[in-house]
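# Descriptive structure summary
The residues making up each chain are set out below.
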Amino acid sequence: MRRRTLVGVLLAAAAVPSVAACQSENGTGAAAGTGAGPSASPSATPPSFTVTPADAAVDVRPDAPVTVAVADGKLTDVTVTAPDGTPVPGALDAAGTTWSSQAPLTVATAYTVHAVAAGSSGASATHDSTLTTLTPGATAFPAVAPLSGREVGVGMPVIVTFDSPVAKDRRRVVEQNLHVTVTPAPVAGSWSWQSDSKVEYRPEQYWPAHSQVHVDIDLGAVEVAPGVWGKTRDIDFTIGSAMVSTVDIAAHTLTVTRDGQVVKTIPVTLGQSGSGGKFVTRSGTKVIMSLEASRQMNSETTGIGQNDPNYYNVNVKYALRVTNSGEFLHAAPWSASSQGRANVSHGCTGMSTEDAKWMYDNSKVGDVVVYTGSDRGIEPGNGFTVWNETYQQWQQGSALSA
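### Thoughts on helix α3 (residues 353–362)
Burial in α3 covers these residues: Asp-355, Ala-356 and Met-359. With its buried residues spanning 100° around the axis, α3 presents them on a single face.

Spelled out as structure tokens, the structure:
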């Protein structure tokens, strides 16, 4: 109480010179010759807002930032909210006068903007406005392989195929919004563009066996081509055991390993060397693309007609596709005498029905089959051929490598 009294006295004493200066010599309390009292204090100026986009804006690009700036004050609260109450992340600058959103908006969505500012002279103000993002006239849907929930082999690439071309100058921003996460331990990997509508991802080495992969396709606010916007998808799949087989074309053998251990060696027959080499089995690292319990194989689909001595039309059991051009591992009981001894097929890997069934029962899409021993190499894109480039070569196909 004594301290308050003392402060009051000091404040009163400080006011005395000001009063004395206004007094005339005769002590009337007014300045000589004026007859005027003290001037009035200026009124407090409230904060003023500048918000972009402006109130009631429509057809707002989802990749455009929302900014709230204030003059004559500092921002104390800013929220930009979707209809379901989800806030848009944002940050205030060091001066406390400008807030900027830090995440894209969602297309075809109405947002509310609410801001509060405290004025430098004690006044405060609030701002409320709305904005609505554009509704895309066209979208590019990303089809993804593998599908969510699948278990695949260690060689399976992530393949994203758009149903509308991606503009070359938009590939970089598209890649920046494609995220691959591996658990329990992260691995290095890269996207690589195979065409204007297809981009594929592979890790530096095979996927770690028994791991989980999450693919976040966050393209809802990305214009992939003029007037064409992307879509958002989440894919989760599992990497199973590491099934890696090696086919020695010259030795006519297929050796299967699981998680680094040899589990089976199978005698096989591969593509014959005649007919100008068009039936020679391709060397290279291939990946199982599909498994079929039975498949009708007709040579006419490869350009060999019924009048050709190499014509065939046969139903095969336990067919595992490894190229787009028609190479399979499958049962070939008609060539039993050549399996493990000679190459007599039209390019496929033939084996006994028993061994083919074992391969069918124990394999999965994404398992690796490495072929060695022929001078005919696998062509890029003839199947899941991502492992026939070094990782450095693969990275050159990324729009982020420049």
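The structure having been displayed, the exposition proceeds.
### Thoughts on unusual backbone geometry
Put simply, Ala-145 and Pro-146 share a cis peptide bond, and its omega is 5°. Along the chain, Pro-146 turns up in the loop between β10 (142–145) and β11 (151–152). Backbone torsion omega between Thr-183 and Pro-184 reads 15°, so that peptide bond is classified as cis. With respect to the secondary-structure elements, Pro-184 resides in the loop between β13 (178–183) and β14 (189–193). In this structure, Ala-108 is a non-glycine residue whose phi angle is positive, near 55°. Take Ala-108: it is sitting in the loop between β6 (98–101) and β7 (110–119). At Asp-259, a position not held by glycine, the phi torsion is positive, near 50°. Note that Asp-259 resides in the loop between β21 (253–258) and β22 (261–267). The class for Asp-259 is partly exposed, based on a relative accessible area of 40%.

### Some points on the nonpolar core
Ranked by size, the top nonpolar core spans 41 residues in total, and within it Val-158, Phe-162, Val-174, Trp-207 and Phe-237 carry the most contacts. Among the secondary structure elements, those contributing two or more residues to this core are β12 (158–162), β13, β14, β15 (198–203), β16 (212–218), β17 (223–225), β19 (232–239) and β28 (368–372). The greatest single-element share of this core, amounting to four residues, is contributed by β12. Residue contacts for Val-158: discarding those within four places in its chain leaves Val-144, Ala-145, Pro-146, Trp-191, Val-199, Glu-200, Tyr-201, Trp-207, Val-215 and Phe-237. Listed in part, the 19 residues of the second largest apolar core include Ile-249, Val-268, Leu-270 and Leu-329.

### Section: the environment of Ala-399
Inspection of the secondary structure puts Ala-399 in the segment after α4 (391–395). The class for Ala-399 is partly exposed, based on a relative accessible area of 21%. Ala-399 sits 229 residues away from Arg-170 along the chain, and the two C-alpha atoms are 9.0 Å apart. Beyond its immediate stretch of four places on either side in the chain, Ala-399 contacts Arg-171, Arg-172, Glu-175 and Trp-193.

### What to know about the pairing of strand β8 (residues 124–133)
On β8, burial follows the alternation: Ala-125, His-127, Ser-129, Leu-131 and Thr-133 on one face are buried, whereas Ser-124, Thr-126, Asp-128, Thr-130 and Thr-132 on the facing-out side are not. Direction of pairing for strand β2 (residues 57–60) relative to β8: parallel, over a ladder of two bridges. Each residue of the ladder has a partner; that of Val-60, found in β8, is Thr-133. Looking at chain direction, β7 and β8 are connected through nine bridges and run antiparallel. From the neighbouring strand, Ala-115 faces β8, where its bridge partner is His-127. Remark: four residues form the turn of the hairpin made by β7 and β8, two consecutive strands paired antiparallel; Gly-122 in that turn has positive phi of roughly 105°.

### Things to note about the pairing of strand β25 (residues 313–321)
Judged from the eight bridges that link them, strand β24 (residues 290–298) and β25 form a sheet pairing that is antiparallel. Across the sheet, Gln-296 pairs through a bridge with Asn-315, a residue of β25. For β25 and strand β26 (residues 328–331), the ladder comprises two bridges, and the chain directions are antiparallel. Paired with Leu-320 across the strands is Leu-329, a residue of β26. Joining the antiparallel neighbours β25 and β26 is a turn of six residues, in which Gly-326 adopts a positive phi near 115°.

### Observations regarding the sheet that holds strand β5 (residues 90–92)
Strand order in the open sheet formed by four strands is β1-β3-β6-β5, with antiparallel pairing between adjacent strands. The open sheet has two edge strands with one neighbour each: β1 (48–52) and β5. When the angles between neighbouring strand axes are averaged without regard to direction, this sheet yields 15°. The sheet contact formed by strand β3 (residues 67–71) and β6 spans three bridges and is antiparallel. When the bridges of β6 are listed, Val-68 appears paired with Trp-99.

### Examining the pattern of salt bridges
This model, assessed by the stated rule, comprises nine salt bridges. Among the ionic pairs, Glu-223 bridges to Arg-61, the shortest N-O distance being 3.1 Å. Within this pair, whereas Glu-223 is found in strand β17, its partner Arg-61 is found in the loop between β2 and β3, the two being separated by 162 residues in sequence. With relative accessibility at 15%, the residue Glu-223 sits in the buried group. Under the relative-accessibility criterion, Arg-61 is labelled partly exposed at 34%. Here Lys-357 ties to Asp-361 by a salt bridge, and the two come within 2.7 Å at their closest N and O atoms.

### Things to note about the environment of Thr-79
Turning to its location among the elements, Thr-79 is positioned in strand β4 (residues 73–81). Thr-79 sits in the partly exposed class, given a relative accessible area of 31%. In sequence terms Thr-79 and Gly-90 are eleven residues apart; their C-alpha atoms lie 8.4 Å from each other.

### A few points about the confidence of the model for the protein chain
When pLDDT is averaged across the protein chain, the result is 89; 89% of the residues are at 70 or more. Within the model, pLDDT remains below 50 along residues 1–41, and this stretch shows eight contacts once partners closer than five positions in the same chain are excluded.

So, how was this worked out
Per chain, residues are indexed from 1 in the order of the written sequence. pLDDT decides what is reported in this predicted model: residues at 70 or higher carry local features, side-chain atom pairs at 80 or more are listed and counted, and totals for whole chains, interfaces and linings draw on all residues regardless. Side-chain numbers come from the whole structure's heavy atoms, not from hydrogens or water. Relative accessibility thresholds used throughout: buried, under 20% of the residue-type maximum; exposed, over 50%; partly exposed, between the two (1.4 Å probe, protein chains only). Secondary structure is summarised from DSSP: a helix means a run of H or I of at least four residues, a strand means a run of E of at least two, and numbering begins at the N terminus for each. Throughout, the arc means the angular range of directions from the helix axis out to the C-beta atoms. Take the buried residues of types Ala, Val, Leu, Ile, Met, Phe, Trp, Tyr and Cys, join any two whose side-chain atoms come within 4.5 Å, and each joined set is a nonpolar core. The contact rule is simple, with two residues in contact once any of their heavy atoms fall within 4.5 Å. Paired strands, as defined in this entry, are two strands with at least two bridges between them according to DSSP. With axes taken as lines fitted to C-alpha atoms, and helix axes fitted only over the stretch in contact, angles between N-to-C directions fall between 0 and 180 degrees. Whenever Lys or Arg places a side-chain nitrogen within 4 Å of a carboxyl oxygen from Asp or Glu, that contact is recorded as a salt bridge. Per residue, pLDDT measures the predictor's confidence, with a range of 0 to 100.

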